[in-house]
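Here's the letter readout for the chains.
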Amino acid sequence: MGINTDLTDAQKRALKENSDDLEKAQNQLDEVRRTARSRLESAGLPVGMDTLNCLACFGCEGWSEGDDGTCAHCPHGFFSHNVI
């Protein structure tokens, strides 16, 4: 399928449904992050939008720079961090 290929109605519908599902998932993830940050801040733990803190752990011993500024030793996945 080339860039100038006309899409069928079924293909357009499939792409639209995928887009809608991904938007819903993004909205849910955003809400989980807001709740997690609020929970940590209420408990007195510093969490900032300008850092890539892990929302599931804090104060890693032996922290070392990893991908995207996260700890290279953090066992949690990309989506556990304060990523935008």
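Relevant structure appears above.
A few points on the structure. Values in this document were obtained by computation on a predicted structure and should not be read as measured data.

1. Examining the pattern of salt bridges
For step 1, the next point in the chain: One pass over the structure, following the stated rule, counts three salt bridges.
For step 2, the next point in the chain: The closest approach of N and O atoms between aspartate 20 and lysine 16, which form a salt bridge, is 2.7 Å. Pair noted here: aspartate 20 and lysine 16 are both in helix 1 (residues 9–42), with a separation of four residues, about one helical turn.
For step 3, the next point in the chain: A salt bridge links arginine 33 to aspartate 30, with the nearest nitrogen and oxygen atoms 4.0 Å apart. Of the two residues, arginine 33 and aspartate 30 both sit in helix 1, three residues apart, roughly one turn of that helix.

2. Examining helix 1
For step 1, the next point in the chain: For helix 1, spanning 34 residues, the distance from its first C-alpha to its last is 49 Å, which sits close to the expected 50 Å at 1.5 Å a residue.
For step 2, the next point in the chain: Every buried residue of helix 1 is listed here: Arg33, Ala36, Arg37 and Leu40.
For step 3, the next point in the chain: Looking one or two residues past helix 1, glycine 44 carries a phi angle of roughly 90°, positive in sign.

3. Focus: the side chain of histidine 81
For step 1, the next point in the chain: For histidine 81, the position within the fold is in the segment after helix 1.
For step 2, the next point in the chain: Taking relative accessible area as the criterion, histidine 81 reaches 3% and is therefore assigned buried.
For step 3, the next point in the chain: A polar side-chain atom of histidine 81 sits 3.2 Å from the main-chain carbonyl oxygen of glycine 77.

Rules used throughout
- Residues numbered from 1 in each chain as written.
- Predicted model: local features only at pLDDT ≥ 70, side-chain atom pairs only at ≥ 80, totals over all residues.
- Heavy atoms only, no water.
- Salt bridge = Lys/Arg side-chain N within 4 Å of Asp/Glu carboxyl O.
- Helix = DSSP H or I, 4+ residues; strand = E, 2+ residues; numbered from the N terminus.
- Expected span 1.5 Å × (residues − 1).
- Buried < 20%, exposed > 50% of the residue type's maximum accessible area, 1.4 Å probe, protein only.
- Polar contact = N/O pair within 3.5 Å; in protein donor to acceptor, adjacent residues only side chain to side chain.

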